[in-house]
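# Overview (structure and organization)
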Amino acid sequence: MSMWTLVVALVSALVVWYLLARQLMAQPWLADGEVGYTPDIEAFASPAKKVALFFLLAVISSLFALFFTAYMMRMNPAHGDDWLSIPKPDILWLNTVLLLASSMSMQWAKNLVNHQSGKSPLPALIIAGVFAISFLVGQLLAWQQLYNIGNLQISNPALGFFYLLTGVHGLHILGGLYVWARATIRVFMGITTPSINLSVELCTVYWHYLLVIWLVLFGLLLTT
Amino acid sequence: MAFVAIADRDHEQEHHDPHTFVSKYIWSQDHKVIAIQYGGTAVLVGLVALVLSGMMRLQLAFPDYFSFIRPNEYYQFVTMHGMIMVIYLLTALFLGGFGNYLIPLMCGARDMVFPYMNMLSFWAYLVSVIILMSSFFVPGGPTGAGWTLYPPGTILPGTPGSDMGILLMLLSLAVFIVAFTMGGLNYVTTVFQARCQGMTLMRMPLSIWGILTATVLGLLAFPALLVSAIMMIFDKTLGTSFFMPAVLSMGQALDHQGGSPILFQHLFWFFGHPEVYIVALPAFGIVSDLLSVHARKNIFGYRMMVWAIVGIGALSFVVWAHHMYVSGMNPYFGFFFATTTLIIAIPTAIKVYNWVLTLWQGNIRLNVPMLFSIGFIFTFVHGGLTGLFLGNVTVDLPLSDTYFVIGHFHMVMGVSPIMVLFGAIYHWLPKITGKMFNETLGKIHFWCTFLGTYAIYLPMHYLGILGVPRRYYAYGLSDFIPASAQSMNVGITIAALFVGVSQLLFIINIIWTLTKGKPAGSNPWEATTLEWLTPDTPPKHGNWGHNLPVVYRWAYAYSVPGAALDYITQTDPQKGGDIEEGDHGKH
Ligand code: HEM
Ligand SMILES: [Cu+2]
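What comes next concerns the included structure.

## So, helix 3 (residues 71-107) of chain B
Residue and element names in this part refer to chain B.
- With 37 residues, helix 3 ought to run about 54 Å at 1.5 Å a step, and its terminal C-alpha atoms sit 50 Å apart, in line with that.
- Where helix 3 bends most, at glycine 99, the angle is about 45 degrees.
- Of all the 37 residues making up helix 3, 34 are buried; the element is thus mostly covered by neighbouring parts of the structure.
- Glycine 108 sits one or two positions beyond helix 3 and adopts a positive phi of about 75 degrees.

This is the structure in structure tokens:
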């Protein structure tokens, strides 16, 4: 159990280490060499928004890692021996395909803005959004199907976690859709600035990331 | 381009020069205004928490004398006091307050990289505070579960506030975490991407290192609190059994079955222990700067200090279960966590030595910020030493949940960070307001607080060794507690009320500064760091006038041999003038 949290801690420590190792060998107190040296400073060669997005993804990773840890700890009989595996609605497979398609369309949009082919990313963006929305609708249908089974107890942690984790993941998709909507509207109004390109790129990163989280989550649900 | 600060100069955020009163002081996107908003709100709720502690002390000294403190109220006061102090006062004031004020100024940026998100962060924080305070007014009152909110008690009838109170608490925490995340992403990105030319990471003042590391800890640790809060809300409202075991409550079997209270404890402390360092690391960083400035000496072992901050931060993720020695876990676990806990003592001790060595042969100016900084070294050493006791499983078992623990953590994470906060406020007040505070009043405030807190917390260790339990409304007929413990409790209460009232001196001093304070000038302490080198004091919107500063050296060029003054600012291009430090310098 604590393995997971240890891994998270270790990975974050390594990340911090990597970030720092580049500059931490400096000896700022030495007279020669250091004083008068005025380098340009940016720890990362990316725009601030992108850096912030990566930190946000680190936060979300911590969130999901902890949810998954809690999930697996609760399965362990030492933390309650009442885990009853629940049937997984088949529609989840379809939803997975929808999310994959959404991610691919996002990538398509990103390629369009990157290559400056002059083609508008609008269709690709809209398709990505529609797929993402249908994913969410599909998740709601999955909830509905589970609910209709009827004889499942909410006090069964397997069921509670199913709603909880799919719900939290869905909320993250919703958040992404908000940013997506803003970008799409601006593209629709014909605004073409570098900031749009950046928005599309960041959306794409976020989409792929949530796809990966979903695949891990889906795997966890299927195998337990 | 080094200084593409404000969200890469994106057109939409290009300039937000405020014009109206509202955009200047209320919906402000200026980091300095937001810092003051954060700080002011934090101090206000902090005062509420202080009053609550006074009421607890009244009950402990004069049991059953005050009719408005019954057992339920006592538990509610304990809980709200603890939670407010740790989260809504200390975390918010160090990161939301000082983080906001200092990061752009010390790094040479015009503002945070995302000013709008920064503003949202404050307003979300304010909402979380309002939600928390509103729980005083709902039926059943605020939760009385203790700040650790351990299930199953927390959400069962019998615990005060187990309906509305606990839900509001959890909701407020969730909103706080969102607020913190918006602020935290800003702080980290600003430090990494918006430093001015020449400000390498190893030239940053330690204040920034402390705030940066604490923010990273917060970003990774607060999700654990969020996870436990969400799961607890589910258990409470939807009847899931994540944490709730099968319970007989008031003779009735509840629907819950099989849940794991221990799971909650793991999640809570996976957040809870790093939280200690979220509060401590900014204090470590800031106190290093105060000591160096007012001792007119470079900080001893700068690079070691940076590594110690980062190392403590990383280690703080692998010690959490030292809060759970009494939870019946596997003894090998206890061994593991005792070991990691004691390992943290190493970088911590290094820091203490370095602070003391910074004072060694310094040209000490014993002014108010310096007094508080030296006070911090005392209280922190005391709190730290008792931590070594509690870190050992066998010693902790009898002391767990006694007043020894109360004495320990108040010393180490209550009084010590508060010492630094006061020192820091006095230190930067001349920059924030442009005016000098009243030195005499400040010194009286220091001595009342410093001696007073000792009078409160040293005796508590003794009570703890006697076995006096914490979180008790009254001790009833317990043979093992001698009657003299009661007299000691009276003494502690008198000291606590004295300390509480003497904080008025601080508030009076702030008012005095604002109304009567003499202009402080831009660099009253003759410090080297960038915030003292702004063209205007207090700094205007955008901080630096036309040109961003350029940094030529580290932040600690004090008493450099051969230099004209006893300090060389970071922006001074003159050659030479960095000290070769004994412990690493090449000769
Ligand atoms: C004059 C200042 C203060 C006084 C007199 C005071 C007094 C107390 C008292 C009497 C208790 C309850 C003991 C019990 O019955 O269990 C308590 C608990 C606590 N205090 Fe303070 N305190 C002060 C400042 C602080 C500060 C600055 C912090 C910040 C870390 C803090 C954090 C806590 C925490 C976390 C608890 C535990 C709450 C719980 O058991 O759930 N206190 N304090
Ligand atoms: Cu701890």
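Next comes the rest of the description.
## Observations regarding the nonpolar core
- Tyr88(B), Tyr125(B), Leu149(B), Trp209(B), Met231(B), Tyr302(B) and Trp355(B) are the most contacted members of the largest nonpolar core, which has 254 residues in total.
- Here this core takes 23 residues from helix 3 of chain B, the largest share from any one element.
- Residue contacts for Tyr88(B): discarding those within four places in its chain leaves Ala42(B), Val45(B), Met83(B), Tyr125(B), Ser128(B), Val129(B), Leu132(B), Ser172(B), Leu173(B) and Phe176(B).
- The next biggest cluster of nonpolar side chains, apart from the first, holds six residues, and it includes Ala48(A), Ala52(A), Ala109(B) and Phe114(B).

## Regarding the site of ligand 1
All names here are of chain B.
- The full set close to ligand 1 counts 25 residues, and Tyr74, His81, Trp147, His410 and Arg471 are the nearest of them.
- Histidine 81 places a side-chain nitrogen or oxygen 2.8 Å from a nitrogen atom of ligand 1.
- In the environment of ligand 1, an oxygen atom lies 2.4 Å from a nitrogen or oxygen atom belonging to the backbone of arginine 471.
- Going through the elements one at a time, helix 2 (31-61), helix 3 and helix 12 (403-433) are the ones with two or more residues in the shell around ligand 1.
- Taken together, the residues that form the shell around ligand 1 break down as 16 nonpolar, six polar and three charged.

## Brief notes about the pattern of salt bridges
All names here are of chain B.
- Taken as a whole and judged by the stated rule, the model has eleven salt bridges over all chains.
- Across the salt bridge formed by lysine 236 and aspartate 163, the nearest N and O atoms sit 3.1 Å from each other. Highlighted residues: lysine 236 in helix 6 (residues 206-237) and aspartate 163 in the loop between helix 4 (115-134) and helix 5 (164-193), separated in sequence by 73 residues.
- In this structure, a network of salt bridges that share partners links the residues Arg296, Arg365, Glu526 and Asp566.

Parameters and conventions
Residues numbered from 1 in each chain as written. Chains lettered and ligands numbered in written order. Predicted model: local features only at pLDDT ≥ 70, side-chain atom pairs only at ≥ 80, totals over all residues. Heavy atoms only, no water. Helix = DSSP H or I, 4+ residues; strand = E, 2+ residues; numbered from the N terminus. Expected span 1.5 Å × (residues − 1). Bend = angle between axes of the 7 residues up to and from the residue. Buried < 20%, exposed > 50% of the residue type's maximum accessible area, 1.4 Å probe, protein only. Core = buried A, V, L, I, M, F, W, Y, C linked by side-chain atoms within 4.5 Å. Contact = heavy atoms within 4.5 Å. Near = heavy atom within 4 Å. Polar contact = N/O pair within 3.5 Å; in protein donor to acceptor, adjacent residues only side chain to side chain. Nonpolar A, V, L, I, M, F, W, Y, C, P; charged D, E, K, R; others polar. Salt bridge = Lys/Arg side-chain N within 4 Å of Asp/Glu carboxyl O.

Taken by themselves, the reported measurements are silent on function.
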